[in-house]
Every structure is written in structure tokens, then in C-alpha cells.
Amino acid sequence: MNMECFILGCGGMMPLPYRHLTSALLRRDGDLFLFDGGEGTQVSLRRLNLKWKKINAIFVSHTHADHVTGLPGIMMLSAQVERSEPLYIYGPPKIAEYIETSRKVLDMYINYPVVVKEITAPCVVHKEKDFQVRAFPLDHTKVCVGYTLEEFDRPGEFNPQAAINLKVPRGALWSKLQNGHEVTATDGTIVRPEQVLGPSRKGRKFSYVTDTLYLDSIAKEVKDSDLLLCEGMFEDALLDQAKEKKHMTAKQAATIARDAQAKKMAMIHYSPRYTDKELSVLESEAREVYPDAILGRDRMRFEIPYED
């Protein structure tokens, strides 16, 4: 099952000609999950030729304009195709009011169910049979949350010869064993899944963190992420300004990645004070702490593979 992430934008506060506002799209086979959606999010979606009208769920970090003003357009354009599946929108308090007010003021034509759920405490906000999305608190000037999408462990590899030796006939019973159920062999004995399956295999983890003060707790929430997108808004010389505005520096983002033992970390949500060339200072400072830090760029793609 393929999983890949696209950075749709990596800018904070205001869109620039060469840098869209922070947003990311995670594609997991046919499922699409959008994280934040500021002004102009549709531009990167179109340029990447993503089937964005099939987005399953949108996860909003907070209700500042640079993270939500693109949502009405996405919702309206999604109504231009036949769609029966609901669109789930998750976010902190006021996201429901924002969505409802936008629908009324803009007189939106929406031909599919929209389910809005507000987050009031750390919790699992979205759960399916083989993965879940969890929200956890950040510390910003408005209520703000981070997200992790984490797959459940997969069953170990099936050993056909072990099943044959245990007199389990090929077919439906093999499928039951692979799905974790006991079966009865042809000789009447009970065969358990662990007798024919190898060790369980770890699922993948994607984490999204932006607009927050540095908190020790973040590393615990995003621990062992295969990919962490994390705000690195300022250089270390502007640490006081970052604290005042409740944002993080590149070094602090790198500290989280290091402490979380993330396999890969890309920074996002840069201050508009930096031109694209000037962003190199953020990369250099981050790499002093986490040598593999990546400077996220608009429309950058990351594949998230299973562990070998």
C-alpha cells in the first residue's frame, strides 16, 4: 500500500509569489487527507495534478486565516463532481462556526455530506480499520493542535508451508488465519494465527506540527515518525520574537525531530521575512541538531515506505 506526502505550501502568515501558505496532502492508496488549507491551496493541488476532489478528510491545526481561507473554495469545487462520500473536517473550537458561516454567506452549493467535528482534548479524531489520526495540543495564540496519522501493526508474513504441514487446506481458511482468526484443520486440531504467521510488522507514521511554541511534549507525540512536517519559522537569533509570537525556530524543530527519533523531518511555515535564498540559514541551523533536516519547499513529494 503506497503512502506519499505532498507539501502544498510552506509559507506562514501571507502567500508570496514563490511560496504558498502551509498545507500538506497525504495520499494513502486511494485515500486523500488534507492538513490545513490556506488561501490558494487549490493552486498547488492543480499543479501537482492530484485528484483533490476526492479528499476524504481535512485536518485543521487552528483557525488563523493563513490556515483556513482556502477551505471554502475546496468545498465548492468538490461539488462540481458527483460525490456521495462525506467530507470530514476536524479542527479546534470555531472550525464548525467558520465552515457553517462560510456556507451561508457564500451560498455554497454542496451536494455531499459535510461532517465537522471540533477537538476539545487530545484524542483519536479519525479511525479506520488499519489506521487512526490523533490530535494533540500545541501552544499558540489561538487553540492549536498537531496531528499524527499512524497505521496499526500489520500481521506477520504468512508461511504457506507451515499451514500445509498443519493440515490447513488452501483457500478461505488461509485467509482467516491471515486476518487473525483461529481455524480447524482437516484432522480436527485448532490452528492459531501465530503458528503460521511471522512477527507483526510495524505500520507507518506521519506527523504534522505547526504554529506553536516549543514543547517537550511534542517529541513524545511524534515519536518514531517516518515523516515529520514541523514548523521552523525563524532563525535562532530571533528566538525572542518566536516566543512572543508563539512560534518555533529551525533549531527547535530539529530538536523535536532528534528527540522523537524521526526517520525524516522537513521544515515548513517559514516567516515571509526570508526569501527562498535566505532560507538556507534555517537549514544550516537545523542540521546542527538534526543532520538530516530538510528544507521543505512547495510541491515537494515524500514517499513513506514500510520498514524493510
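What counts, and at which threshold
- Residues numbered from 1 in each chain as written.
- Predicted model: local features only at pLDDT ≥ 70, side-chain atom pairs only at ≥ 80, totals over all residues.
- Heavy atoms only, no water.
- Axes fitted to C-alpha atoms, helices over the stretch in contact; angles between N-to-C directions.
- Helix = DSSP H or I, 4+ residues; strand = E, 2+ residues; numbered from the N terminus.
- Left-handed = near helix turned anticlockwise from the far one by under 90°.
- Contact = heavy atoms within 4.5 Å.
- Core = buried A, V, L, I, M, F, W, Y, C linked by side-chain atoms within 4.5 Å.
- Buried < 20%, exposed > 50% of the residue type's maximum accessible area, 1.4 Å probe, protein only.
- Pairing = 2+ DSSP bridges.
- Phe/Tyr/Trp six-rings, centres within 6.5 Å; stacked < 30°, edge-to-face > 60°.
- Polar contact = N/O pair within 3.5 Å; in protein donor to acceptor, adjacent residues only side chain to side chain.
- Right-handed = clockwise from strand over helix to strand, strands pointing away.

Participant: Explain the packing of helix H9 (residues 250-260) against helix H10 (residues 280-289) to me, and be specific about the residues and the numbers.
Facilitator: Relative orientation of the contacting elements H9 and H10 amounts to 35 degrees, with a least axis distance of 8 Å. Seen along the crossing, H9 lies across H10 with a hand that is right-handed. Residues Ala250, Lys251, Ala254, Thr255 and Arg258 of H9 pack against Leu282, Glu285, Ala286, Glu288 and Val289 of H10.

Participant: Go over the nonpolar core, please, and point to the residues and values.
Facilitator: For soluble globular proteins, nonpolar side chains are generally found buried alongside one another. By size, the foremost hydrophobic cluster in this structure holds 58 residues, and its most contacted members are Tyr147, Leu229 and Met265. Sorting elements by how many residues they give to this core places H9 first, with six residues. Not counting residues up to four positions away in its chain, the partners in contact with leucine 229 are Cys5, Ile7, Ala24, Phe206, Ser207, Tyr208, Val209, Ala266 and Ile268. Leu34, Leu50, Ile95 and Ile110 belong to the second largest nonpolar core, which has 24 residues in total.

Participant: Break down the sheet that holds strand S5 (residues 87-91) for me, citing the residues and quoting the values.
Facilitator: For sheets, the rule is that strands pair by backbone hydrogen bonds, running either parallel or antiparallel. Within the open sheet, the seven strands sit side by side as S6-S5-S4-S3-S2-S1-S16. Their pairing is mixed. Of all the strands in the sheet, just strand S6 (114-118) and strand S16 (300-303) have a single pairing partner and so form its edges. With direction set aside, neighbouring strand axes in the sheet form an average angle of 15 degrees. Relative to S16, strand S1 (residues 3-9) is paired through four bridges, and the arrangement is antiparallel. Opposite cysteine 5, over in S16, you have phenylalanine 302 as the bridge partner. Along the sheet face, helix H4 (residues 95-105) touches S5 and S6 and points at about 150 degrees away from the line of S6.

Participant: Can you explain the packing of aromatic side chains? Please cite residues and give values.
Facilitator: Evaluation of the coordinates by the stated rule reveals 10 aromatic pairs. Their ring planes at 65 degrees and their centres at 6.1 Å tell us that phenylalanine 35 and tyrosine 147 sit as a pair that is edge-to-face. Here tyrosine 147 lies in strand S9 (residues 145-151) and phenylalanine 35 lies in strand S3 (residues 31-35), a separation of 112 residues in the sequence. Taken individually, phenylalanine 35 and tyrosine 147 each receive the classification buried, so the pair is uniform in this respect. Chaining the aromatic ring pairs together yields one cluster made of Phe33, Phe35, Phe59, Tyr88, Tyr90, Phe131, Tyr147, Phe206 and Tyr208.

Participant: Before we move on, could you go through H9 and cite the residues and values that matter?
Facilitator: Along H9, eight of the 11 residues are buried, which leaves the element largely enclosed by surrounding structure. Packing partners of the buried residues in H9 comprise helix H7 (216-221), strand S13 (227-231), helix H8 (239-245), strand S14 (265-268) and H10. Of the residues flanking the end of H9, it is glutamine 261, one or two places downstream, whose phi is positive at about 55 degrees.

Participant: Report on the environment of threonine 186, specifying residues and quantitative values.
Facilitator: Mapped onto the fold, threonine 186 is located in the loop between strand S10 (183-184) and strand S11 (190-191). Judged by relative accessible area, threonine 186 falls into the exposed class, the value being 61%. Spatially, the C-alpha atoms of threonine 186 and lysine 167 are 5.8 Å apart, while their sequence positions differ by 19 residues. Sequence-distant contacts of threonine 186, defined by excluding residues within four places in its chain, comprise Lys167 and Pro169.

Participant: How would you sum up the side chain of threonine 22? Please name residues and give values.
Facilitator: One can find threonine 22 in the loop between S1 and strand S2 (23-28). Exposure remark for threonine 22: the relative accessible area of 0% places this residue in the buried category. In terms of polar contacts, threonine 22 uses its side chain to reach the backbone amide nitrogen of histidine 269, at 3.3 Å.

Participant: Any details on the pairing of S1? Residues and values, ideally.
Facilitator: A large share of S1 lies buried, amounting to seven of its seven residues. As judged from the six bridges shared by S1 and S2, these two strands associate in the antiparallel manner. Residue phenylalanine 6 lies in a different strand from S2, and its bridge partner there is leucine 25.

Participant: I'd like to hear about the sheet that holds strand S7 (residues 123-128), residue by residue, with values.
Facilitator: The mixed open sheet is built from seven strands, whose spatial order is S7-S8-S9-S12-S13-S14-S15. At either end of the open sheet lies a strand with only one pairing partner, and these are S7 and strand S15 (294-295). Pairing of S7 with strand S8 (residues 131-137), which is carried by five bridges, proceeds in the antiparallel orientation. Bridge pairing in S8 links cysteine 123 to alanine 135.

Participant: I'd like a rundown of the pairing of S3, residues and numbers included.
Facilitator: Within S3, four of the five residues are buried, which leaves the element mostly enclosed by the surrounding structure. The pairing of S2 with S3 spans five bridges and is antiparallel. Across the sheet, the residue bridging to alanine 24 is phenylalanine 35, located in S3. In this structure, the hairpin formed by S2 and S3 is closed by a connection of two residues, where aspartate 29 is found at a positive phi of approximately 50 degrees. Here S3 pairs with strand S4 (residues 55-59) via four bridges, running parallel. Within S4, the position partnered with leucine 32 by the bridge is isoleucine 55. Handedness of the crossover joining S3 and S4 through helix H1 (residues 41-47) is recorded here as right-handed.

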